[in-house]
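# Architecture and fold: a report
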Amino acid sequence: MVSSKYDVFKTSLLAIFCLTLLSACGEKEDTHPGQPVTKREAIFKENLRTFEAMGLMVRDREPYSPKEFLKNAEKLKDLSTQPWEYFTPGSDYAPSRALPTVWQKPEAFKQAQEKFIVAAAQLADAAKGGNLDQIKQAYTQVKESCAACHHDFRAEDRL
């Protein structure tokens, strides 16, 4: 009987410990004035959703729909210019994944932004033409611009 009470106690204690750890691992809330980190992350998440919808077509996982692809390409083009204003001085706090190089090398960060903006515009132009081979090339350019920026300016894990 004593051992079963002890087992219940151990199990309860373990459950509380695990829940505490899980809650500590969750995303931190952006409590700073203006919430620049939350705003830029929301735009990046919308970029990703839009880009992935096109990626499914580019990778032949969904049928290519010129109309739907163009809609998403135009949306990505519009979104491509939006997150940068939220990389304000002092917005390097958790839950940001931005590396210090964003602020230490602003010219390089600006070039990475421009590369992405141009690539997104070229993808939208390719989508207007409807040539899937050209679209795939333009899609790859956007993907590469994202990867290069992430490599240089974004941490893998939350700070």
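Moving on: the packing of aromatic side chains. Counted according to the given criterion, the structure contains 10 aromatic pairs. An angle of 70 degrees between the planes, with centres 5.0 Å apart, marks the rings of Phe 87 and Phe 109 as edge-to-face. Residue Phe 87 is found in the loop between helix H3 (66-79) and helix H4 (101-104), and its partner Phe 109 is found in helix H5 (residues 106-129); the two are separated by 22 residues along the sequence. We classify Phe 87 as buried; its relative accessible area is 14%. In this arrangement the basic side chain of Arg 40 is found over the ring face of Phe 87, its NZ or CZ atom lying 4.2 Å from the centre.

A few words on the pattern of salt bridges. What the rule picks out here adds up to six salt bridges. Lys 71 is the partner of Glu 68 in a salt bridge, and the nearest nitrogen-oxygen pair spans 3.3 Å. Here Glu 68 pairs with Lys 71, and both are found in helix H3, just three residues apart, close to one helical turn. Classification of Glu 68 as partly exposed rests on a relative accessible area of 33%. Between Asp 125 and Lys 128 there is a salt bridge; the shortest N-O distance is 3.8 Å. With Asp 125 and Lys 128 both in helix H5 and three residues apart, this pair spans about one turn of that helix. On the basis of relative accessibility, which here comes to 45%, the residue Asp 125 falls in the partly exposed class. For Lys 128, a relative accessible area of 51% translates into the label exposed. One salt-bridge network, in which partners are shared between bridges, spans Glu 46, Arg 49 and Lys 75.

Before going further, it helps to examine the nonpolar core. By size, the foremost hydrophobic cluster in this structure holds 26 residues, and its most contacted members are Met 54, Phe 69, Ala 73, Leu 76, Phe 109, Leu 123 and Val 142. Those elements that place two or more of their residues in this core are helix H2 (36-58), H3, H5 and helix H6 (132-153). No other element matches H5, which puts nine residues into this core. Those residues in contact with Ala 73 that lie beyond four places of it in its chain are Met 54, Leu 123, Ala 124 and Ala 127.

Take the confidence of the model for the protein chain next. Of all residues in the protein chain, 80% attain a pLDDT of 70 or more, and the chain-wide mean is 85. Counting contacts from residues 7-26, a segment whose pLDDT is below 50, to residues more than four positions away or on other chains yields zero contacts.

Next up on the list: H6. The terminal C-alpha atoms of H6 lie 31 Å apart, and with 22 residues this matches the ideal 32 Å at 1.5 Å per residue to within 8%. Within H6 the residues assigned to the buried category are Ile 135, Ala 138, Tyr 139, Val 142, Ser 145, Cys 149 and Phe 153. What you see down the axis of H6 is that its buried residues fit within an arc of 120 degrees, all on one side. Counted as exposed and oriented over 90 degrees from the buried face of H6: Asp 133, Gln 137, Lys 143 and His 151. Looking at the packing, one finds that the buried side of H6 touches H2, H3, H4 and H5. For H6, the side-chain oxygen to backbone nitrogen distance between the N-cap and Asp 133 is 2.9 Å, and the N-cap itself is Asn 131.

What counts, and where the lines are drawn
- For every chain, the first residue of the written sequence is number 1, and numbering continues from 1 onward in sequence order.
- pLDDT decides what is reported in this predicted model: residues at 70 or higher carry local features, side-chain atom pairs at 80 or more are listed and counted, and totals for whole chains, interfaces and linings draw on all residues regardless.
- Think of the side-chain values as coming from all heavy atoms in the structure, minus any hydrogens and water.
- Aromatic pairs are defined between Phe, Tyr and Trp rings, using the six-membered ring for Trp, whenever the two ring centres lie within 6.5 Å; interplanar angles under 30 degrees are classed as stacked, those over 60 as edge-to-face, and all others as tilted.
- A run of DSSP states H or I qualifies as a helix once it reaches four residues; a run of E qualifies as a strand once it reaches two. Both are numbered from the N-terminal end.
- Classification of residues uses two cut-offs on accessible area relative to the type maximum, computed with a 1.4 Å probe and protein chains only: under 20% is buried, over 50% is exposed, and between them is partly exposed.
- The rule is short: NZ of Lys or CZ of Arg within 6 Å of the ring centre and within 35 degrees of the ring normal puts a charge over the ring.
- Definition used for salt bridges: Asp or Glu carboxyl oxygen within 4 Å of a side-chain nitrogen of Lys or Arg.
- We define a nonpolar core as any set of buried Ala, Val, Leu, Ile, Met, Phe, Trp, Tyr and Cys residues linked to one another through side-chain atoms lying within 4.5 Å.
- The criterion used for residue contact is that any of the two residues' heavy atoms lie within 4.5 Å.
- pLDDT runs from 0 to 100 and stands for how confident the predictor is about each residue.
- Any helix carries an expected span of 1.5 Å times its number of residues minus one.
- It is the directions from the helix axis to the C-beta atoms whose arc is reported.
- Pairing of N or O atoms within 3.5 Å defines a polar contact, subject to two protein rules: one partner must be a possible hydrogen donor and the other a possible acceptor, and residues neighboring in sequence count only if both atoms are side-chain atoms.

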